[in-house]
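Structural description and commentary
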Amino acid sequence: MTNAEIVDRLELTGRLMELHDYDAFKIRAFSSAAFNLDKSTADLANLPVEELVKLPGVGKSVAHKIREIVETGHLTDLDNLLAETPEGVMEMFRIKGLGAKKIRTLWHELGIDNLRDLQLAGENGQIAKIKGFGASTQEKILNSLMFLQEQKGKVRMDRAAMLANVLHDELANHFKRVDITGQVRRKAQEVDTIQLLIETSDPVGAQRYLNGLPMLVQNEQESSPFAWRGRMEGSDVGIELLMFPADQIDRQLFIQTAAEPHLQQVGSANVSLLQAALTVPNASEEGIYERAGLPFIVPEMREDEFAFRWASHHQNDELVTWDDLRGTLHNHSTWSDGKQSIADMAAYCRELGLTYFGIADHSKTATYANGLDVDRVRAQHAEIDQLNAQFGDDFTIFKGIESDILGDGSLDYDDATLATFDYVVASVHQTLTMTIEKATTRLLRAIENPYTTILGHPTGRLLLAREGYPIDHRAVIDACAYHNVVVEINASPYRLDIDWRWIDYAMERGVMLSINPDAHDLAGLLDMHYGVAVGRKGGLTKTMTFNALTLTEMKAYLQKRKKR
DNA sequence: GCCGTTTTCGGCCCGACTGTTTTCAGTCG
């Protein structure tokens, strides 16, 4: 039982108590316990009640609930609440703008207990008529429903990779060769089908074996003699297992990895040569591109015609790799909402072979995240100075901040305070509903601020959960070029923002991109792998990667920029 | 339900923003 699983159950209990109109302070106790424990590094599953009650937000009652969760895997209170709540009502929590109170009203006043009825009520204008609701809320609900429908059956790349690896390892026990291909190999940020190639000369026997695996649930209608289709137990995302004899696997690896537009592009480039290349036995991927007279395209980039435009003036070895990264710049610590101390985060960075660690905790407006007021900024800088004094010339902690971009585009500290940082990541965290004009103007103002070093998660999107605010990407990137601002590739698999499709335009305009993990704990630093993946997808070169600068280069860059 | 004492019960309580109000409830990060 992990901390996250315990926290999720407490959080859900609080939310359902609110839905069922429990006492507000009792609800608060559960949510605040969840909120506090989410940031805890204690091993909750192995703490006795007397230790649990010492943790902030945990009293006797919650401590016993935690023990119950750990020992039985269940929480009776939660099970009872769930039994009283229709599944469709639970799904309504995924609608943006709907919280427990509004859902309760919709459920009790209109009898809505599923998303289909919610949509009908919205389309009929019934929602706008309820007291406390209006036309605007109704429209927001309908928009959110539409967004959710588009995301159905998809998972983020981190979960897709995890599931694909589990499946790969299981199948590799039985089959001679198994390859992950399709969207996962292409490093798609969202995946609707996890696809694997299986080498076999006995597809009938292979199907029989697959259907005997408890982790797989077949969709018989979708399947065929050479293609097993279905899903994994406990997951909605589609699974496709394609069976081929040994001499066809490499060629299929090429065909199945490529997105349709990429295949078409290869075909239209030279149909006859490609056909010839594809019919050669044991054709390798390199051989296929070579025989078709085309440059080799790395798997990540096999989406559309962009790859060939990129390849016309770049070499594959220019693409950024994990080993090119020299440091990391957007990270949180226990000073705001991170789980680990600056010292522990920095130590882990050194273990990873990085040479600098930039701390960019939340700024004062982000009160929910324990953002730093001016006094705490000073105190944090003193701590960083002390830590830096212990390092040699080979490692440095930089003093950064993730300063909130306020509604009018200004940053949330005065210039004197901003001047005390080595660098500033400027990010939007509130007022996410804006027109494209307003959102763009707001970002442009933040970019114009002489203290802004990096523009953080430019659209604020959360993959599969929230559309970002609309922005004029060209105008924003052009402004970054003019004002010498770096653009973040937020590497959290929840964000991956800026989208990889804009990387090439940024590079063209001379704008560097920073692969920023937005890490809130040690493991979060490894999210830079996802940033590298989407960076490569967008053709990001090592030379245009901000955090591929060496420590000496980074120090010089930040110093020079401060003097402007 | 948690906390912190005025040590056994009273007070707890992010703030900005939105949309709905006409003074505020609900949501969000």
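To keep things clear, this report deals only with the structure shown in the data block. (Residues numbered from 1 in each chain as written. Chains lettered and ligands numbered in written order. Predicted model: local features only at pLDDT ≥ 70, side-chain atom pairs only at ≥ 80, totals over all residues. Heavy atoms only, no water.)

**Some points on the overall build of chain A**
When helices and strands are counted, chain A shows 26 helices and 14 strands. For chain A, the C-alpha radius of gyration of 26 Å lies close to 24 Å, the compact-globule estimate for 564 residues. Projecting the C-alpha coordinates of chain A onto the three principal axes gives extents of approximately 70 × 60 × 50 Å. A burial count over chain A gives 52% of its 564 residues as buried. Contacts in chain A between residues at least 24 apart in sequence constitute 69% of all its contacts with a sequence separation of at least 6. When the accessible surface of chain A is summed, it comes to about 25,400 Å², and 49% of that surface belongs to carbon and sulfur atoms. Here chain A contributes 59 positively and 81 negatively charged side chains, and the mean placements of these two sets differ by 3 Å. (Helix = DSSP H or I, 4+ residues; strand = E, 2+ residues; numbered from the N terminus. Rg over C-alpha atoms; globule rule 2.2 N^0.38 Å. Buried < 20%, exposed > 50% of the residue type's maximum accessible area, 1.4 Å probe, protein only. Contact = heavy atoms within 4.5 Å. Areas by Shrake-Rupley, 256 points an atom, 1.4 Å probe, with all protein chains shown as cover. Lys, Arg positive; Asp, Glu negative; His and termini not counted. Charge placed at Lys NZ, Arg CZ, Asp CG, Glu CD.)

**Looking at the sheet that holds strand 12 (residues 454-455)**
The strand order across the open sheet formed by seven strands is 8-9-10-11-12-13-14, and the pairing between neighbours is parallel. Pairing within the sheet leaves two strands with one partner each, and these edge strands are strand 8 (327-328) and strand 14 (513-516). Examined bridge by bridge, strand 12 and strand 13 (residues 486-490) share two bridges and lie parallel to one another. Paired with L455 across the strands is V487, a residue of strand 13. Strands strand 9 (356-359) and strand 10 (396-404) of the sheet are contacted by helix 20 (residues 374-390), whose axis makes an angle of about 160° with strand 10. (Pairing = 2+ DSSP bridges. Axes fitted to C-alpha atoms, helices over the stretch in contact; angles between N-to-C directions.)

**Here we look at the protein's contact with DNA strand B**
G57, G97, G99, G134 and R466 are the nearest of the 31 residues found near DNA strand B. In the interface set of DNA strand B, defined as its atoms within 4 Å of the protein, sugar plus phosphate atoms amount to 79%. Take V58: an N or O atom from its main chain is 3.2 Å from a phosphate oxygen of DNA strand B. One nitrogen or oxygen atom from the main chain of V62 is found 3.1 Å from a phosphate oxygen belonging to DNA strand B. Mapped onto the surface near DNA strand B, the elements with two or more residues apiece are helix 2 (24-38), helix 4 (60-72), helix 7 (100-110) and helix 10 (135-151). Tallied by class, the residues present in the surface near DNA strand B amount to twelve nonpolar, twelve polar and seven charged. (Near = heavy atom within 4 Å. Polar contact = N/O pair within 3.5 Å; in protein donor to acceptor, adjacent residues only side chain to side chain. Nonpolar A, V, L, I, M, F, W, Y, C, P; charged D, E, K, R; others polar.)

**Here's the deal with the pairing of strand 4 (residues 193-199)**
Counting buried positions over the seven residues of strand 4 gives six, a clear majority of the element. In this sheet, strand 4 lies alongside strand 2 (residues 178-181) in antiparallel orientation, the contact comprising four bridges. Looking at strand 4, one finds that V178 is bridged to I198. Strand direction decides the pairing type here: strand 4 and strand 7 (residues 238-244), joined by seven bridges, are parallel. Considered in strand 7, the bridge of L196 is made with L241.

**Overview of helix 25 (residues 528-537)**
In an α-helix there are 3.6 residues to a turn, and that puts residues three or four apart on one side. The buried fraction of helix 25 is high, at eight of ten residues. Within helix 25, burial applies to M528, G531, V532, A533, V534, G535, R536 and K537. Next to the buried residues of helix 25 lie helix 11 (157-172), helix 18 (306-311), strand 8, strand 13, helix 24 (503-508) and strand 14. Backbone geometry just after helix 25 places G539 at a positive phi near 80°.

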